[in-house]
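Spelled out from the first residue to the last, the chains are:
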Amino acid sequence: MTSSTLALNADRELRLDIDGMSCASCVAHIEEALLATPGVISAAVNLAMETAQVKFKAGLDEVRVLEAVAKAGYSAKLADAPSVEAKQTIKLSISGMTCASCVGRIESALLATDGVVSASVNLATETAQVILQSGVDPVVLLDAVAGAGYEASLMTAETEKTPSHAKSSPFWPIAIGALLSLPLVLPMLAEPFGVHWMLPAWVQFLLATPVQFWLGARFYRSAWHAVRNLRGNMDLLVSIGTSAAYGLSLYHWLFDASQGALYFEAGAVIVTLVLLGKWLEARAKHETTAAIKALQALRPSVARVRKNGRDIEVALEHVQLGDLVVILPGEQVPVDGVVREGESQHDESMLTGESVLVTKEVGSKVTGGAINHDGVLLVETSALSGESTLARIIRMVEDAQAGKAAIQRLVDQVSAVFVPVVLVIALVTLLGWRYWTGSTESGILYAVAVLVIACPCALGLATPTAIMAGTGVAAKFGILIKDAEALELAHKVQVVMFDKTGTLTEGKPHLAELTAQDGEQAEMLELAAALQRGSEHPLAKAVIAKADVAQPLKADNLQALPGRGIAGDIAGTRYLLGNQRLMQEKGIDLSIMQTAHDQALSNGFTVSWLAREHDLALIGMLAFSDGIKATAKDAISQLRALGVKTLMLSGDNRAAAQRVAEQLNLDEVIAEVLPHEKAAHIEAIRAQGKVVAMVGDGVNDAPALAAADVGIAMGTGADVAMHVAGVTLMRGDPQLVSQTIEISRLTYRKIRQNLFWAFIFNVIGIPLAAFGLLNPMIAGGAMAFSSVSVVSNALLLRNWKPKA
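Residues numbered from 1 in each chain as written. Predicted model: local features only at pLDDT ≥ 70, side-chain atom pairs only at ≥ 80, totals over all residues. Heavy atoms only, no water.

Q: Teacher, can you tell me more about the overall build of the protein chain here?
A: Scanning the protein chain from terminus to terminus reveals 29 helices and 30 strands. Taking all 804 residues of the protein chain together, 52% fall into the buried category. For the protein chain, contacts bridging at least 24 residues in sequence account for 68% of all contacts bridging at least 6. (Helix = DSSP H or I, 4+ residues; strand = E, 2+ residues; numbered from the N terminus. Buried < 20%, exposed > 50% of the residue type's maximum accessible area, 1.4 Å probe, protein only. Contact = heavy atoms within 4.5 Å.)

Next up, the structure:
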């Protein structure tokens, strides 16, 4: 074998930078995920340096190693490679858009700009969300949008509070248009009553011209930009149609007054109606942002900070970590923090959807945006304003509303060819009527009707307005949907898989029984507490709460064993504390305590064992009881009513898990599974063609949440779980799971309704106009109000309330 062949077959080493780790459990979890990857020989993760050293066999692609970390719920990159995560997200406020065609044109312009990774434009919010490579000047985005014929500005914290679409549009152009158009329409309205009169042509000209070219100037400007960029939009259709009616009237007045009629009223009325439709549409869209505005209103601009014994008002953005903030009765809590002095009750309903007041005392965590009711609190700041819970909630809702569902991308493709197709139909209408009747005048009038009845606006607004309304009302009731994809997938969920501890149970177990092999219960409890001290695991907290020792023992060389337990040295002796799987792996005989074990399981307790490793001696058994959440049984019933199958995935022993499953009437229970095995079970069900949602709250649930079609994290749990999940529930109520599916189904139903009416409007309206069965003014009015009807239908979602 040659040296080059040896080199090719040699094992390789890789160093990774890892983001998202928070404790020793994360380390063990990532190592386990890497070691489970075929071809990986060894893996060592360093929490302090946030790195991993991986040794793997030749032939294994580096990408597979990165994917293993990603599936575990963390992000990784090659330590010596440029970070693919080194990106910046820029939000733009865009003015001048009128329909879905504008969306496609701006997205194309942005995506053609160097450094742009992705771009998503939302017609309903009149914003764009762009991901740029790090180091690229965002100003290039403004130039790209300007080149496409629109105006853009970078959104700041202040402008986000008052987005462009939320600003009230002036009504005066509609009022002036109506005043000028009314005299033109009156003769037509009087005709059915036998009154035949007509304004002189020069008066009609004077009334119609300002409407056409002053009030309607916006249509011409937008149409010109569209033509320059070889793209069509609604304004192009309106400007061509109204100009044709105006031009035909001008021709007849100046050159053929004896034979031709005047149609000045058609152009003026169409312009006025379209302006009215746009004004109503803007007001309706303004209502779809109610959720964001309500959340932003929870952020006070100042905080009362105590420094050197004095209370001074400080701008919220200048409050630092560790600052002591004074909160008076009736005030909104300005920061996330921990109560250091005082006692009160908080209304957190705007954040969690739960109207019950929550008691706050020394040591309690408080959340910015809540209302402080009846006491004075001194709170130590734990998060800066930009990273507070409220700020993250607002960002999550905004991102969901700015995102695009898969169905919207299909609509965008249709919209891209919509205007050119309508222009062709209008031309065919003109030529057809000219050929069959010999009347160019009729051809022009019916072609105008075709142009103004066509409505790409309704198509463009159908999906985003429904998503905005749906995510907004969901946030009101404590359901935060991270993106449009999660909202769209949730309506198809057929199977919901629950973690047990902290999801279906309270997650606050207490030590119910302690059985020592030699009868020394106090010593056994001290040993167990020493191993668990510093851990955030619910069972660890239960042990420490029970062990009230003045001088606790100290454990060294602690090693977390994910899904099994923990090991550590106490006074030079190695101890093991964990479940039956850990004891079996180490070869420790449990039969001597079989009777006590069976009794604990029959009571539905979770069992842990304490043993010495060097002589494989069993020290004793700890049995924990964890109450089932009061709403868990109703939550399962509600999911069954929706036709959804329910399963439980638990690392707990089978008997304890089965006991909970029987009490809740779950369809199936899978127990004694490790974190990575949860993900494998989910993949197995997905392979059957089922759409799966996973509900969990812990670090060990992150791989399963990532593996599911829809990950649903309890907001009361670990940050990494919320980071991976597509949906976050702001309170630990499992009933919110069925409510998530319900609001998703309702939102998707609204999307389908909107798209149906938008398409059917055009499918029926355009042929009617082409065959001369639609007056151009009626066509203009119908087009103007089609968008309003779509937005209004989406706004009905705001009336949704969870079922009791």
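Q: Whenever I open this one, the nonpolar core confuses me. Can you help?
A: Nonpolar side chains tend to gather and get buried jointly when the protein is soluble and globular. In terms of nonpolar packing, the biggest core is built from 133 residues, with Leu92, Met97, Leu110 and Val496 touching the most fellow members. Judged by nonpolar contacts, the second largest core, of 23 residues, contains Leu527, Ala529, Leu531 and Leu622. (Core = buried A, V, L, I, M, F, W, Y, C linked by side-chain atoms within 4.5 Å.)

Q: Can you walk me through the packing of aromatic side chains in this structure?
A: What describes a pair of aromatic rings is the distance from one ring centre to the other and the angle between the planes of the rings. A complete count under the given rule lists twelve aromatic pairs for this structure. On the basis of an interplanar angle of 35° and a centroid distance of 6.4 Å, the ring pair of Phe205 and Tyr246 is categorised as tilted. Residue Phe205 is located in helix 8 (residues 201–215), and its partner Tyr246 is located in helix 10 (residues 234–255); the two are separated by 41 residues in the primary sequence. Classification of Phe205 by relative accessible area gives partly exposed; the value is 24%. (Phe/Tyr/Trp six-rings, centres within 6.5 Å; stacked < 30°, edge-to-face > 60°.)

Q: Would you explain a nonpolar patch on the surface in this entry?
A: On the surface, a cluster of nonpolar side chains totalling about 600 Å² of accessible area is made up of Phe759, Val763, Ile764, Leu768, Phe771 and Leu773. Structurally, Phe771 can be placed in the loop between helix 28 (735–770) and helix 29 (776–795). Take Phe771: its relative accessible area is 62%, and that puts it in the exposed class. (Patch = residues over 30% accessible without salt bridge, like charges linked within 9 Å, V, L, I, M, F, W, Y side chains within 5 Å. Areas by Shrake-Rupley, 256 points an atom, 1.4 Å probe, with all protein chains shown as cover. Salt bridge = Lys/Arg side-chain N within 4 Å of Asp/Glu carboxyl O.)

Q: Is there a simple way to think about unusual backbone geometry in this case?
A: Glycine aside, the phi torsion of most residues is negative, and most peptide linkages are trans. One non-glycine residue with positive phi stands out, namely Asn308, at about 55°. Examined against the element boundaries, Asn308 turns out to sit in the loop between strand 9 (302–307) and strand 10 (310–315). By relative accessible area, Asn308 is classed as exposed at 81%. Even without being glycine, Leu616 reaches a positive phi, approximately 55°. Examined against the element boundaries, Leu616 turns out to sit in the loop between strand 24 (606–612) and strand 25 (617–625).

Q: What am I meant to see in helix 8 here?
A: Helical periodicity: at 3.6 residues per turn, an α-helix aligns residues three or four positions apart in one direction. For helix 8, which comprises 15 residues, the first-to-last C-alpha distance of 21 Å matches the rise-based estimate of 21 Å (1.5 Å per residue) to within 8%. If you check which residues of helix 8 are buried, you get Ala201, Val203, Gln204, Leu207, Ala208, Val211, Gln212 and Leu215. (Expected span 1.5 Å × (residues − 1).)

Q: Help me understand the pattern of salt bridges in this model?
A: Any two side chains of opposite charge can pair, on the condition that their charged atoms come close. Inspection of every chain in the model, using the stated rule, returns 16 salt bridges. Residue Glu613 is joined to Arg574 by a salt bridge in which the shortest nitrogen-to-oxygen separation is 3.8 Å. Linking Glu613 in the loop between strand 24 and strand 25 with Arg574 in strand 23 (residues 573–578), this pair joins segments that are 39 residues apart in sequence. A salt bridge links Glu613 to Lys586, with the shortest nitrogen-to-oxygen separation between them at 3.3 Å. Taken together, the residues Glu613 in the loop between strand 24 and strand 25 and Lys586 in helix 21 (residues 580–586) connect sequence positions 27 residues apart. Look at Glu613 and you get partly exposed, because its relative accessible area is 26%. For Lys586, a relative accessible area of 33% puts it in the partly exposed group. What you see here is one network of salt bridges that share partners, running through Asp569, Arg574, Lys586 and Glu613.

Q: How do you make sense of the sheet that holds strand 29 (residues 710–714) when you look at a structure like this?
A: One open sheet accounts for seven strands, arranged 18-30-29-28-19-26-27; its pairing is mixed. At either margin of the open sheet sits one strand with a lone partner, and together these are strand 18 (479–481) and strand 27 (668–670). Across this sheet, the average inter-strand angle for adjacent strands is 20°, counted without regard to direction. (Pairing = 2+ DSSP bridges. Axes fitted to C-alpha atoms, helices over the stretch in contact; angles between N-to-C directions.)

Q: Hey, could you run me through the sheet that holds strand 17 (residues 377–381) in this one?
A: Sheets are built from strands that pair by backbone hydrogen bonding, the pairs being arranged parallel or antiparallel. If you walk across this open sheet you meet the six strands as 10-9-11-17-12-15, and the pairing is antiparallel. Each of the sheet's edge strands pairs with one partner strand only, and the pair in question is strand 10 and strand 15 (365–366). Pairing of strand 9 with strand 10 involves six bridges; the strand directions are antiparallel. Residue pairing across strands places Val302 opposite Ala315, the latter belonging to strand 10.

Q: Any chance you could explain the environment of Ile94 here in plain terms?
A: When you line up the elements, Ile94 lands in strand 5 (residues 87–95). Residue class for Ile94 comes out buried when judged on its relative accessible area of 1%. Along the backbone, Ile94 and Ser153 are 59 residues apart, and their C-alpha atoms lie at a distance of 6.7 Å.

Read these as geometric descriptors, not functional statements.
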